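# Chains, contacts and geometry: an overview
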Amino acid sequence: MELTQEQKAIIASEGNIRINAVAGSGKTTTIIEYARTRPKKSKILYLAFNKSVKLEAAKKFDKLGLTNVRVETAHSLAYKYTVIRFNYKVRVAGYRATELVDILKMRQLGERHAEYILANHILRFAAYYCNSDALKLEELDYLTTVSDAKAKSFARANYPFLLKYTAEFLRMMNSREIEVTHDYYLKKFQLLTPKMKYDYILFDEGQDASPAMLDVFFNQDATKVIVGDRHQQIYGWRFAVNSLEKADYQTFNLSTSFRFDENVAKLAMSVLKYKSHLSTSAFDSAQSDKVQKQEQVVIIGAGQFREIKSRAILARTNLGLLLKAIEYVTETKNVKKIYFEGNINSYTYAEDGTSLYDVLNLHNGQRGRIRDRLIQRMKDMKELEQFIEKTGDPQLGMMVEIVEQYGDRIPGILAKIKSLHVENEKREEAEMIFSTVHRCKGLEYDQIELVNDFIKEDNIIKQKTDPKKKEVMDVPKLTEEINLLYVAATRAKVKIIVDKETLPKEFDVTENIGPKAIDDSSLSPSTPHLSPSTPLSLTNSPYHALPEDIEDDDEEFERELERRDNDRFMEKKVGYSYGRYGRSGKYEDLRQELEMMHGRPAAKRKMPEDLVEAARKTNKNAFAPWTEQLEVELKQKYESGKSIAEIAAEMGRSKWAIEARLEKMNLKKAS
């Protein structure tokens, strides 16, 4: 392909350089060409952002015969340098607050649930330290990372305990008393001050690097190339820093995007101008304007209009995305296939594994159904909300909002969404793809629709000018919010559907960017619009309509449950785990969905015999109890390097059942 003048300048450069590359500007092509033109005997390390990017880049380097290039992620590099060397065992799914309370033998601190609130802060403090470039924990002030006022007040009042227990948690991982987290072995890598024998190190997506990895990178003797887009830095909540601004190297730009046209480019530039509102004084404003003029890259849209094949709905938050998905599946006529980027079940679980169903059961007072230890300890929803305020847990807060808005309709809604969801290999068949911005970073779609949960220009201006606002503007947080909108907009190749209020004031609606009028003809006349307050009944449910003549007795209900299990749900879900609770958790969630749609609770039932018999025709041990001996056998097979498929065949169970048990044994991260 013909390279641009900007690309040619980068390839011809010498010494350490930084590359500011706008979305869709061909940075991977540029990096590969840069590597290809280095001396053939030189040793080159390419650091990718994640595993999928690593695998894709490795294929491209191999295709060109560049055997002198080693492709790694920061974690895969650290893993080989530390985990293998020190014989660490890795806690793949991380630790939960309830587990940490037991591990550290934490005593009650006075107020109710204080030890669990503190455990949440300990996990975050440990993550903050592990991602930092600090040598000692005491060098850091954890309070600077807590934005919620009540959460900060709790952390400040208990700081001596927080510091003590965090240090103990880190010590136990280091001494191999407990398994290490991914964050920890990356920190260990940094503390060892490694010197890697490479002539060139190419650091991709540098804007999202942690200070720990950046410290390793800067301390190498190799020629260093760091590339990224400082406006795509959206992982501040994971303590990432914009390394492009910290790299004092000769700067090059890749300003032409081959992904989208000039209209999308102008929208992206207009969104970035929001940052000019973030100055808080005349001096700051002058400095901000100066920096903007010095560092602003003009984005050129060179993409061509093309046929729209892929469509996606993008949201800033999980809550916004789930609410939009609910609206879509209930109001769109004849929708058959949808897809969620990442694991669909991850949208209904908090980061520590708490299920949306657990929150719903607490809301309904059905304590016997709650499986999560932490939620079991809550007296009611009010107490859970107080817990969220003191931990600042946004995922758990999101679940409470959904439960309060949709209540008992949630199981039916999720059943509908999951029944339409296609597997990864059929992603391209989906009529609509759903994703948060964080999950679709690096991806692109022909058409996108932005959910109305992104930051608005009016919001920023109001925060700056409102005399009633006493607190200082949180500039880093607002900057990241602007970046989220910028990243979302630049996923589009052809068309962007967006509300006028989300568009910048200076941007005029174009033929391919703007709001979409509601088309009533797209709604099925047989599918009534359901507001959050609409009760779910047999006559108005758009989910899985029950026979009108169904009898109100356990025998008939059981037959209906079995029919649905075999005919609709269980065809592809035998042994499938909805989360970290394995087979029993999966069936309990499914049974609850069916019961809620039926309009009445039912006593707990055993797995239908017909279903078990049908499953065992394929897998002879399907639904058989897991004994301690079987778990030991499973662990040995898994740690010996056998694939999931091989283990499943040997143990007479489905692949999904094996994965579910591995997750429950904390040997494999929930997928």
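Let me begin by describing the structure that accompanies this report. (Residues numbered from 1 in each chain as written. Predicted model: local features only at pLDDT ≥ 70, side-chain atom pairs only at ≥ 80, totals over all residues. Heavy atoms only, no water.)

## Quick word on the overall build of the chain
Of regular secondary structure, the chain possesses 28 helices and 14 strands. Residue burial in the chain is summarised as follows: out of 671 residues, 55% are buried. Looking at the chain alone, contacts between residues at least 24 apart form 73% of all its contacts between residues at least 6 apart. (Helix = DSSP H or I, 4+ residues; strand = E, 2+ residues; numbered from the N terminus. Buried < 20%, exposed > 50% of the residue type's maximum accessible area, 1.4 Å probe, protein only. Contact = heavy atoms within 4.5 Å.)

## Digging into the packing of aromatic side chains
Scanning the entire structure with this criterion turns up 15 aromatic pairs. Ring centres of Phe218 and Tyr249 lie 6.2 Å apart, and the angle between their planes is 90°; on these two criteria the pair is classed as edge-to-face. One end of the pair, Phe218, is in helix H10 (residues 211-218); the other, Tyr249, is in the loop between helix H11 (243-246) and strand S6 (250-254), with 31 residues separating them in the sequence. On the basis of relative accessibility, which here comes to 28%, the residue Phe218 falls in the partly exposed class. One aromatic cluster in this structure is built from Phe203, Phe217, Phe218 and Tyr249. Above the plane of the ring of Tyr165 lies Lys164, whose end atom (NZ or CZ) is 5.2 Å from the centre. If you follow Arg653 out to its NZ or CZ, it ends over the ring of Trp626, 4.0 Å from the centre. (Phe/Tyr/Trp six-rings, centres within 6.5 Å; stacked < 30°, edge-to-face > 60°. Lys NZ or Arg CZ within 6 Å of the ring centre and 35° of its normal.)

## Here we look at the pairing of strand S11 (residues 432-436)
In terms of burial, S11 is a largely internal element, five of the five residues being buried. Judged by which residues are buried, S11 turns out to be covered on both faces: Met432, Phe434 and Thr436 on one side and Ile433 and Ser435 on the other are all buried.

## A closer look at the sheet that holds strand S14 (residues 513-514)
Overall, parallel pairing links the six strands, which are arranged S10-S11-S9-S12-S13-S14 in an open sheet. Lying at the two open borders of the sheet, with one neighbouring strand each, are strand S10 (338-340) and S14. The pairing of strand S9 (residues 311-315) with strand S12 (residues 445-450) spans four bridges and is parallel. Counted as the bridge partner of Arg311 is Gln447 from S12. Taken strand by strand, helix H14 (residues 318-331) contacts S9, S10, S11 and S12, and its axis lies near 160° from that of S11. (Pairing = 2+ DSSP bridges. Axes fitted to C-alpha atoms, helices over the stretch in contact; angles between N-to-C directions.)

## Structural notes on the sheet that holds strand S3 (residues 69-73)
Pairing is parallel across the open sheet formed by six strands, whose spatial order is S3-S2-S4-S5-S1-S6. For this open sheet the edge positions go to S3 and S6, each flanked by a neighbour on one side alone. The sheet shows a mean angle of 20° between the axes of neighbouring strands, direction not considered. Against the sheet, helix H4 (residues 74-86) engages strand S2 (44-48) and S3, with an angle of about 95° to S3. Across the sheet, H10 touches S2, strand S4 (200-203) and strand S5 (223-228), and the angle it forms with S5 is around 145°.

## Things to note about the pairing of S4
Alternating residues of S4 divide into Tyr200 and Leu202 and Ile201 and Phe203, and every residue in both groups is buried. Relative to S4, S2 runs parallel, the two sharing four bridges. Paired with Ile44 across the bridge in S4 is Tyr200. Examined bridge by bridge, S4 and S5 share four bridges and lie parallel to one another. In the sheet register, Tyr200 faces S5, and the bridge partner there is Thr223. What joins S4 to S5 is H10, and the crossover it makes is right-handed. (Right-handed = clockwise from strand over helix to strand, strands pointing away.)

## Here we look at the side chain of Lys324
Its place among the elements puts Lys324 in helix H14. Other than its neighbours up to four places away in sequence, Lys324 contacts Ile313, Phe434, Glu449 and Val451.

## Things to note about helix H28 (residues 655-664)
For H28, a buried count of seven out of 10 residues is recorded, marking the element as mostly surrounded by other parts of the structure. For H28, the side-chain oxygen to backbone nitrogen distance between the N-cap and Ala657 is 3.0 Å, and the N-cap itself is Ser654. In the segment just after H28, Asn666 is the residue with positive phi, at about 60°. (Polar contact = N/O pair within 3.5 Å; in protein donor to acceptor, adjacent residues only side chain to side chain.)

## Quick look at unusual backbone geometry
The backbone of Asn87 shows a phi angle near 60°, a positive value even though the residue is not glycine. In this fold, Asn87 is placed in the loop between H4 and helix H5 (97-103). Judged by relative accessible area, Asn87 falls into the exposed class, the value being 55%. Its identity is not glycine, yet Thr193 carries a phi of approximately 45°, on the positive side.

## Details of the environment of Val422
Inspection of the secondary structure assignment puts Val422 in the loop between helix H19 (410-420) and S11. A relative accessible area of 9% means that Val422 is categorised as buried. Taking the C-alpha atoms as reference points, Val422 and Ile338, separated by 84 residues in sequence, lie 6.3 Å from one another. Residues contacting Val422, with those up to four places away along its chain left out, are Lys337, Ile338, Tyr339, Arg427 and Ala430.

## Observations regarding the pattern of salt bridges
Counted according to the given criterion, the structure contains 32 salt bridges. A salt bridge links Glu389 to Lys150; its shortest N-O distance comes to 3.0 Å. In this pair, Glu389 is assigned in helix H17 (residues 381-391) and Lys150 in helix H7 (residues 149-157), connecting sequence segments 239 residues apart. When its relative accessible area of 47% is taken as the criterion, Lys150 is described as partly exposed. A cluster of three or more residues bridged by salt bridges with shared partners is formed by Lys27, Asp204, Glu205, Asp208 and Lys441. (Salt bridge = Lys/Arg side-chain N within 4 Å of Asp/Glu carboxyl O.)

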